[in-house]
Amino acid sequence: MIEVKNIKKHFGDKKVLKGISTVFEAGKANLIIGTSGSGKTVFMKCLVGLLEPNDGAILYDGENFSQMTKKERKSIRRKIGMLFQGSALFDSMTVEENVLFPLNMFTDWSTKEKMDRVNFCLERVNLVGANDKYPGEISGGMMKRVGIARSIVLNPKYLFCDEPNSGLDPQTSLLIDELLTDITKEYNITTIINTHDMNSVMGMGEKVVFLHQGYKDWEGSNKDILQSKNQLLNDFIFASDFLKALRKGIDNVG
Amino acid sequence: MLKQMISVPESAYMYWKETVRQMNHIGVGSLIIIGIISFFTGAVTAVQFAYQLSGSYFPPYLLGFVIRDSMIIELAPTLSCLVLAGKVGSNMASELGTMRISEQIDALEVMGVNSTAYLVAPKIFAALIIVPPLIIISAFLGVYGGLLAAVNYGIAQEMFEKGLLYMFDPFNVVIMLVKAYVFAFLIATVSCYQGFYVKGGALDIGKASTRAVVFSSILVVLFDYLIAVVMT
Ligand SMILES: Nc1ncnc2c1ncn2[C@@H]1O[C@H](COP(=O)(O)OP(=O)(O)OP(=O)(O)O)[C@@H](O)[C@H]1O
Ligand SMILES: [Mg+2]
């Protein structure tokens, strides 16, 4: 469980996060949604400490991450898996070496155990036969999936995914959502996902946090979204004509 | 930055692997250019010195002596390191800059890897291991280039070789090695620093690698002078 208390972040005069509080529970897929530029990435980076919030506190299972020493943070970070919006694969390493990297760094497993684990993870993201390719030689969607494989290879306790299925086709996208939901349940992971994808929101959003202009404008489950009278949220979720019509239908029935 | 590097490595093997990769990068990648430049520097020095001596009463074996010492004391370490500042310095800065901009360094940090230790230390270490041998090779090739050019100029090979052994002071080799280590350290640290702290976008990576080359070249000649003053 991760508790976020009144997180604020500004860059110079530009206030990006204006006091956000929420709770992300373990075993749940927690989704953060919001328009492009609303601060989802900044928020996620504050959570893992890549950016220092200007105010507020972040508690990892009750431990105050914000006040930890570098060393204490490191021990938390060993339990974190993170997928970056731009994948952030290591260019100088092959797909296989990328996924192998955390295992080589932090385990003393045998080569066979490590390779089995790597191939298992690559299979789960539906990426076989690309082991020896370099990041420069694969597509953006494939890079995303390698990034996901790398972030789950150490069985993290906390999993952060910044737009895991942007750039993926709908089928693969669904597969990734299922994978994230499955491992979240299976290993009781606290999973936090930034997304724009309405399929993901409706399909897996047990908890959804809607960011707007630096504030948390709404939170609830995907089921609540359909009932919500929050205008901003409705405009965001039901943006296309198709979805607007769908929404009307729901209202009429309701 | 240096302080952050002194911490227990997560997995010594991974650090060693990265060091070997860097050694390969710096050493093998620079061998040919350093070789060509040293060879011709020796050759040109020989021809021009022979030209300056012609008509004077200096014995021709002096040529070997002059080539040997100027290669060892100055040309091999300084010229090679200026070349390395350009080649290796820009390479290190742009590699780290790219890793910074594309969030690869952030990815390491989130995993709990000490990114300075993992990325910077192997580069400095590799430079310290591989640059001195490169300089030694450079000195040999320079002298060899001088020999071939001298023979071509019409000076007897025995004369040149006699000069090579004339008044050999091993301390000059010490000066050469001191320069090699100091320059290697300067190039690696300056370039890593420039690359590691890049902010902005792809354009800034280019600027950082230019700065890496300019600053490390200036520091190389500056320290060349200081070492010369202190050690001779
Ligand atoms: N390092 C920084 N310095 C200054 N401003 C920044 C920095 N990082 C982010 N911002 C600003 O913070 C705001 C939020 O950015 P962020 O990347 O979090 O958006 P996002 O919600 O992730 O958008 P997207 O969905 O497009 O990824 C943007 O206006 C951006 O310009
Ligand atoms: Mg983002």
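Residues numbered from 1 in each chain as written. Chains lettered and ligands numbered in written order. Predicted model: local features only at pLDDT ≥ 70, side-chain atom pairs only at ≥ 80, totals over all residues. Heavy atoms only, no water.

(A) Geometry of the overall build of chain B. A count of helical and extended segments in chain B gives 8 helices and 0 strands. Listing each helix as α and each strand as β along chain B from the N terminus yields α-α-α-α-α-α-α-α. Viewed in the frame of its principal axes, chain B has a C-alpha envelope of about 70 × 35 × 30 Å. Taken across its 232 residues, chain B has 49% of its residues classed as buried. Expressed as a percentage of contacts within chain B between residues at least 6 apart in sequence, the contacts between residues at least 24 apart total 87%. Of the roughly 10,700 Å² of accessible surface on chain B, 73% is carried by carbon and sulfur atoms. When the 12 basic and 13 acidic side-chain charges of chain B are each reduced to a single mean position, those positions are 5 Å apart. (Helix = DSSP H or I, 4+ residues; strand = E, 2+ residues; numbered from the N terminus. Buried < 20%, exposed > 50% of the residue type's maximum accessible area, 1.4 Å probe, protein only. Contact = heavy atoms within 4.5 Å. Areas by Shrake-Rupley, 256 points an atom, 1.4 Å probe, with all protein chains shown as cover. Lys, Arg positive; Asp, Glu negative; His and termini not counted. Charge placed at Lys NZ, Arg CZ, Asp CG, Glu CD.)

(B) View of the overall build of chain A. On a plain count of helices and strands, chain A comes out with 10 helices and 10 strands. Taken against the 2.2 N^0.38 rule, which gives 18 Å for 254 residues, the C-alpha radius of gyration of chain A at 19 Å falls within 12% of a compact globule. Split into buried and exposed, the 254 residues of chain A put 53% on the buried side. A total of about 11,500 Å² of accessible surface is found on chain A, and carbon and sulfur atoms cover 51% of it. Where the 33 positive side-chain charges of chain A centre and where its 32 negative ones centre are 5 Å apart. (Rg over C-alpha atoms; globule rule 2.2 N^0.38 Å.)

(C) Just the coordination of the magnesium ion (ligand 2), in detail. Donor atoms from the polypeptide that coordinate the magnesium ion (ligand 2) comprise T41 of chain A (OG1) and Q85 of chain A (OE1), at 1.9 to 2.2 Å from the metal. Taken together, the residues T41 of chain A in helix α1 (residues 40-48) and Q85 of chain A in the loop between β6 (80-83) and α3 (95-106) connect sequence positions 44 residues apart. (Donors = N, O, S within 2.8 Å, 3.2 Å for Na, K, Ca; no water.)

(D) Local environment of the site of ligand 1. All names here are of chain A. In the vicinity of ligand 1 lie 14 residues, with S36, G37, K40, T41 and Q85 positioned nearest. At 3.0 Å, a backbone N or O of G39 approaches an oxygen atom of ligand 1. Between ligand 1 and the protein, one listed contact pairs an oxygen atom with a side-chain N or O atom of Q85 at 2.7 Å. Isolated, ligand 1 exposes 630 Å² of accessible area, and the fraction of that covered by the protein chains is 64%. Those elements that place two or more of their residues in the shell around ligand 1 are β2 (14-24) and α1. Of all the elements, α1 adds the most residues to the shell around ligand 1, at 3 residues. Along the lines of polarity and charge, the residues of the shell around ligand 1 split into 3 nonpolar, 8 polar and 3 charged. (Near = heavy atom within 4 Å. Polar contact = N/O pair within 3.5 Å; in protein donor to acceptor, adjacent residues only side chain to side chain. Nonpolar A, V, L, I, M, F, W, Y, C, P; charged D, E, K, R; others polar.)

(E) Just the interface of chain A and chain B, in detail. On the side of chain B, 21 residues touch chain A, which itself brings 23 residues to the contact. Approximately 1,900 Å² of surface area, both sides summed, lies buried where chain A meets chain B, with 62% of it carried by carbon and sulfur atoms. On the surface where chain A and chain B come into contact, there are 2 salt bridges. Residue E103 of chain B pairs with K45 of chain A through a salt bridge whose shortest N-O separation is 2.4 Å. Counting across the interface, chain A meets chain B through 6 residue pairs in polar contact (both at pLDDT 80 or more). (Buried area = accessible area lost by both parts, 1.4 Å probe. Salt bridge = Lys/Arg side-chain N within 4 Å of Asp/Glu carboxyl O.)

(F) Looking closely at the packing of helix α3 (residues 62-101) of chain B against helix α6 (residues 157-165) of chain B. Residues and elements named next belong to chain B. As a packed pair, α3 and α6 sit with axes 6 Å apart at the nearest point and diverge in direction by 50°. Relative to α6, the element α3 is oriented oblique. Considering how the two elements wind past one another, α3 and α6 form a crossing that is right-handed. Residues L63, G64, F65, I67 and R68 of α3 pack against F160, G163, L164 and L165 of α6. Residue composition of the contact of α3 with α6, by class: 6 nonpolar, 2 polar and 1 charged. (Axes fitted to C-alpha atoms, helices over the stretch in contact; angles between N-to-C directions. Parallel < 35°, antiparallel > 145°, perpendicular 65-115°, else oblique. Left-handed = near helix turned anticlockwise from the far one by under 90°.)

(G) A look at the nonpolar core. Core analysis: the biggest nonpolar cluster contains 56 residues, and F101 of chain A together with C81, L84, Y118, L119 and V131 of chain B have the highest contact counts within it. A per-element tally of this core places helix α5 (residues 115-153) of chain B first, with 16 residues. Ignoring sequence-local partners within four residues, the contact set of F101 of chain A consists of F90 and M93 of chain A together with M14, L108, M111, V113 and Y118 of chain B. Core analysis: the next-biggest nonpolar cluster, separate from the first, contains 42 residues, V99, L103, W218 and I237 of chain A among them. (Core = buried A, V, L, I, M, F, W, Y, C linked by side-chain atoms within 4.5 Å.)

(H) Expanded view of the packing of helix α2 (residues 12-53) of chain B against α3 of chain B. Residue and element names in this part refer to chain B. Two numbers describe how α2 lies on α3: the axes approach to 8 Å, and their chain directions differ by 145°. In this structure, the crossing between α2 and α3 has a hand that is right-handed. Residue composition of the contact of α2 with α3, by class: 17 nonpolar, 11 polar and 3 charged.

(I) Up close: helix α4 (residues 104-111) of chain B. Residues and elements named next belong to chain B. For α4, a buried count of 7 out of 8 residues is recorded, marking the element as mostly surrounded by other parts of the structure. Along α4, the residues that are buried comprise Q104, I105, D106, A107, L108, V110 and M111. Phi for G112, located one or two positions after α4, is positive at around 95°.

(J) Main features of the domain arrangement of chain A. All names here are of chain A. Along its sequence, chain A is carved into domain 1 (2-79 + 157-253) and domain 2 (88-155). Put simply, the middle of domain 1 and the middle of domain 2, counted by C-alpha atoms, are 25 Å apart. Interface area, domain 1 with domain 2, both sides summed: about 1,200 Å², of which 64% is carbon and sulfur. The largest share of the area that domain 1 buries against domain 2 comes from R78, L179 and Y187, three residues that together contribute 32% of it. Applying the counting criterion to the domain 1 and domain 2 interface returns 1 salt bridge. Between E186 and R124 there is a salt bridge, with the nearest N and O atoms lying 3.9 Å from each other. (Domains from an automatic or database assignment.)

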